[in-house]
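# Examining the three-dimensional arrangement
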Amino acid sequence: MKITVIGAGNVGATCANVCAEKELAEEIVLLDIKEGFAEGKALDMWQTAPINMYDTRITGVTNDYTATKDSDVVVITSGLPRKPGMSRDDLIATNAGIVKSVTENIIKYSPNTIIIVVSNPLDVMTYCAYKTAGIDSKKVFGMAGILDTARYKAFLATELNVSPKDIQAVLMGGHGDTMVPLPRYTTVGGIPVTELIDEEKLTAIIERTKFGGGEIVKLLGTSAWYAPGAAAAQMVEAVVRNQKRVFPVCTWLQGEYGLKDIYVGVPVVLGRNGIERIIELNLNEDEKELLYTSAHAVKEMMDVLDNMNP
């Protein structure tokens, strides 16, 4: 197995490090455009191998896509964060150009790879990678739901003073403040969460989850990286080990949930072939309305990208 991570920033480096420690592949390639940056990160990680006891070889390269040849999985974390004064359209234009170039190079050297997109704006960048790659949509998908669900579970674990291991949850929709956590599908050790927490507290936790990324930006002055990097690595693990895990994943819908030609987060089975199947939940009217509102917001951004034709 060979895994490539494009972008050696905080999220990409964390993803590569988690994949290495879990020994998900014989080789991990970390690529960045900044001279020496990926090489330095990779060398630092490799020097933890004797301490953390793993064999996975980590190689860092500067913009050399030949080193990524025949990758089984590629994780794209490249892109710029939104800066003060930058419009949403500016961010889409800038990062779409980056993601398009990266995807072209990936497919050139690894035409049979599976692509996991982490770059923001997540849903529209996954769409950009899919349009560029020209491969089956089940092999191009985005990481958002696992991160958002992890935040939701973490907040619940804190409030209820229970282990996060015992919390199961489903979250749908776009990555952002229109995401749709589903309390009806949230359990703690098999017990419906609504039996353990009052509605007001649960609503507050859901709202905190929606703005979980912004909360960290306010505290740190930059985006999160430990949880996003670990979430991407969990998706890589499900693929390379063919685990058939059920995860919320940003995927291409073709009529499921009444939505067509859109990338949005829904529960799927994730395995060696990528999206093995999409799970359709029986949503009630309120849940459907929230999902459609979220999907509409995503579609608006996809339209922006289509009109740019990057």
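Residues numbered from 1 in each chain as written. Predicted model: local features only at pLDDT ≥ 70, side-chain atom pairs only at ≥ 80, totals over all residues. Heavy atoms only, no water.

Before going further, it helps to spend a moment on the overall build of the protein. Within the protein, the secondary structure is distributed over ten helices and 14 strands. Sorting the 310 residues of the protein into buried and exposed places 50% on the buried side. Considering only contacts in the protein between residues 6 or more positions apart, those separated by 24 or more positions represent 69%. Accessible surface, the protein: about 14200 Å² in total, of which carbon and sulfur atoms supply 50%. If you average the places of the 30 positive and of the 39 negative side-chain charges in the protein, the two averages end up 3 Å apart. (Helix = DSSP H or I, 4+ residues; strand = E, 2+ residues; numbered from the N terminus. Buried < 20%, exposed > 50% of the residue type's maximum accessible area, 1.4 Å probe, protein only. Contact = heavy atoms within 4.5 Å. Areas by Shrake-Rupley, 256 points an atom, 1.4 Å probe, with all protein chains shown as cover. Lys, Arg positive; Asp, Glu negative; His and termini not counted. Charge placed at Lys NZ, Arg CZ, Asp CG, Glu CD.)

A two-sided burial pattern is seen for strand β4 (residues 73–76), the buried positions comprising V73 and V75 on one face and V74 and I76 on the other. As paired strands, strand β1 (residues 2–6) and β4 are joined by four bridges and run parallel to one another. Its bridge partner lying in β4, T4 is registered against V74. Bridging between β4 and strand β5 (residues 114–117) involves four bridges; their strand directions are parallel. (Pairing = 2+ DSSP bridges.)

A full pass over the atoms with the stated rule returns one cavity of 30 Å³ or more. Its boundaries defined by the atoms lining it, the largest cavity holds a volume of some 60 Å³. Considering the residues around the largest cavity, the lining is formed by 14 residues, among which A144, G145, L171, G173 and G265 are closest to the centre. Grouping the constituent residues of the lining of the largest cavity by class yields seven nonpolar, five polar and two charged. (1 Å grid on protein atoms, 1.4 Å probe; cavity = no way out; pocket = protein on both sides within 12 Å on 5 of 7 lines; lining within 4 Å. Points joined across faces, edges and corners; volume = space filled by probe spheres on them. Nonpolar A, V, L, I, M, F, W, Y, C, P; charged D, E, K, R; others polar.)

Once that is clear, we can look at the pattern of salt bridges. With the rule as written, the count across this model stands at twelve salt bridges. Between K201 and E159 there is a salt bridge whose closest N-O contact spans 3.4 Å. Of this pair, K201 sits in helix α7 (residues 199–210) while E159 is found in helix α6 (residues 145–160), placing the two residues 42 residues apart along the sequence. Note on K201: relative accessible area 42%, which makes it partly exposed. For R241, the salt bridge is made with E237, and the minimal N-O distance between the two is 2.8 Å. (Salt bridge = Lys/Arg side-chain N within 4 Å of Asp/Glu carboxyl O.)

Counting residues in each nonpolar core, the largest one holds 90 residues, and the members touching the most others are F141, M172, V236 and L270. Residue contributions to this core peak at eight residues, all from helix α9 (residues 226–240). Beyond its immediate stretch of four places on either side in the chain, M172 contacts M179, V180, L182, Y257, G265, V266, P267, L281, L283 and L291. (Core = buried A, V, L, I, M, F, W, Y, C linked by side-chain atoms within 4.5 Å.)

Moving on, we get to the layout of surface pockets. Estimates place the volume of the second largest pocket at around 410 Å³. For the second largest pocket, the lining is made up of 19 residues, of which I146, K153, Q234, R245 and F247 are closest to its centre. Looking at the lining of the second largest pocket, the elements with two or more residues in it are α6, α9 and β12 (245–254). No other element matches the five residues that α6 contributes to the lining of the second largest pocket.

The subject of this paragraph is the sheet that holds strand β10 (residues 187–188). Spatially, β7-β10-β11 is the arrangement adopted by the three strands of the open sheet, whose pairing is antiparallel. Each end of this open sheet is capped by a strand with a single partner; those strands are β7 (167–168) and β11 (191–192). By the bridge criterion, two bridges tie β10 to β11 in an arrangement that is antiparallel. Within β11, the position partnered with V188 by the bridge is I191.

Attention now moves to the pairing of β5. The two faces of a sheet get side chains in turn, since along a regular strand they alternate between them. A two-sided burial pattern is seen for β5, the buried positions comprising I114 and I116 on one face and I115 and V117 on the other. The pairing of β5 with strand β6 (residues 140–142) spans three bridges and is parallel. Looking across to β6, one finds that I115 is bridged to V140. Crossover handedness for the path β5 to helix α5 (residues 122–133) to β6: right-handed. (Right-handed = clockwise from strand over helix to strand, strands pointing away.)

The subject of this paragraph is the environment of G40. Among the structural elements, G40 can be located in helix α2 (residues 37–46). Separated by 140 residues in sequence, G40 and V180 have C-alpha atoms that sit 39 Å apart.

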